[in-house]
Amino acid sequence: KDPETYVARRTVEWREAKGARYEYHAASGRWQQVRTHRSPTGFTVQFVFDVSDQKRAEEELAAKSALLELALENMGDGLALYDKDINIIFHNRQMREFFGFPEELLRGKATAERMARFLAIRGRYGGGDPGVQVERVLAGFRKRDRHMYEHKLADGRTRSEEHTSELQSRLH
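Quantities reported herein were computed from a predicted structural model and do not represent experimental measurements.

1. Here we look at the nonpolar core
Then step 1. The biggest cluster of nonpolar side chains holds 21 residues, and the ones touching the most others in it are Tyr82, Phe101, Leu106 and Met115.
Then step 2. At the level of elements, α3 (93-99), α4 (112-121) and α5 (130-143) are the ones that each hand at least two residues to this core.
Then step 3. The biggest single contributor to this core is α4, with six residues.
Then step 4. Discounting residues that sit within four places of it in the chain, Phe101 has contacts with Met95, Arg96, Leu106, Met115, Phe118 and Leu119.

And the structure:
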């Protein structure tokens, strides 16, 4: 916020005018975006846009997104959303805990195949070849029809898992 530093930086941007862009919050409370360009003939052109409505919309969206994330992380059920290529685009804590997925399994490009392989190796789908089990699970995902699985937990309880493509079709 040092005035001399600000003026020096702006003077360099003005002279170079290589498509500089910055935003500032004016004393009036409005947000402005400034774009500076140099024309081929050497003139410097500066555009000033009022982006207050856009900033307000971004802030509202961020607040709503934070509330939705809070709700999804604290709901009682596990939830995972997949894209059309069966990559996980969202999962909550309950889903990770229910299946016992380690954090590193869901970092980076988390896929239904990696999750199914993790579960198959640990006997979650019963006995048999894990590769065959993974392909069976993935075939269910690819069909995009509604299907349910039941899992027996170590403590004797049964949990159900439901797959549906209703949301998935809206995300394409």
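We are not done yet, so read on.
2. Description of the sheet that holds strand β3 (residues 44-50)
Then step 1. If you walk across this open sheet you meet the three strands as β1-β2-β3, and the pairing is antiparallel. This sheet does not close on itself; its edge strands, each paired only once, are β1 (18-25) and β3. Each strand axis lies, on average, 15° off the axis of its neighbour in the sheet, ignoring direction.

3. Concerning the pattern of salt bridges
Then step 1. Across all of its chains, the model carries eight salt bridges by this definition.
Then step 2. The closest approach of N and O atoms between Asp50 and Arg30, which form a salt bridge, is 2.9 Å. Here Asp50 is found in strand β3, whereas its partner Arg30 is found in the loop between β1 and β2 (31-38), with 20 residues between them in sequence.
Then step 3. Classification of Arg30 as partly exposed rests on a relative accessible area of 34%.
Then step 4. The partner of Glu97 in a salt bridge is Arg93, and the shortest N-O contact between them spans 3.4 Å. In this pair, Glu97 and Arg93 are both assigned in helix α3, four residues apart and thus about one turn of the helix distant.

4. Concerning the pairing of β1
Two faces belong to every sheet, and in a regular strand the side chains alternate between them.
Then step 1. Here seven bridges tie β1 to β2, and the two strands are oriented antiparallel to one another. Across the sheet, Ala20 pairs through a bridge with Thr36, a residue of β2.
Then step 2. The loop that links β1 with its antiparallel partner β2 comprises five residues; one of these, Gly29, has a positive phi angle of about 95°.

5. A closer look at the packing of aromatic side chains
Then step 1. Inspection of every chain in the model, using the stated rule, returns six aromatic pairs.
Then step 2. A network of ring pairs unites the aromatic residues Phe98, Phe99, Phe101 and Phe118 as a single cluster.
Then step 3. Just above the ring of Trp31 sits the side chain of Lys55; from NZ or CZ to the centre is 4.7 Å.
Then step 4. In this structure, Arg122 packs its charged tip against the face of Phe118, placed 3.6 Å from the ring centre.

6. A word on unusual backbone geometry
Then step 1. Its identity is not glycine, yet Ile86 carries a phi of approximately 65°, on the positive side.
Then step 2. Within the fold, Ile86 resides in the loop between β4 (80-82) and β5 (88-91).

7. Focus on α5
Then step 1. Over its 14 residues, α5 extends 20 Å from the first C-alpha to the last, a length consistent with the 20 Å expected when each residue adds 1.5 Å.
Then step 2. Within α5 the residues assigned to the buried category are Gln133, Val134, Val137, Leu138, Gly140 and Phe141. Within α5, the buried residues cover an arc of 150° as seen down the axis, which keeps them to one side. When the buried face of α5 is taken as reference, the exposed residues oriented beyond 90 degrees from it are Val132, Arg142 and Lys143.

The rules we used
Residues numbered from 1 in each chain as written. Predicted model: local features only at pLDDT ≥ 70, side-chain atom pairs only at ≥ 80, totals over all residues. Heavy atoms only, no water. Core = buried A, V, L, I, M, F, W, Y, C linked by side-chain atoms within 4.5 Å. Buried < 20%, exposed > 50% of the residue type's maximum accessible area, 1.4 Å probe, protein only. Helix = DSSP H or I, 4+ residues; strand = E, 2+ residues; numbered from the N terminus. Contact = heavy atoms within 4.5 Å. Pairing = 2+ DSSP bridges. Axes fitted to C-alpha atoms, helices over the stretch in contact; angles between N-to-C directions. Salt bridge = Lys/Arg side-chain N within 4 Å of Asp/Glu carboxyl O. Phe/Tyr/Trp six-rings, centres within 6.5 Å; stacked < 30°, edge-to-face > 60°. Lys NZ or Arg CZ within 6 Å of the ring centre and 35° of its normal. Expected span 1.5 Å × (residues − 1). Arc of directions from axis to C-beta.

Read these as geometric descriptors, not functional statements.
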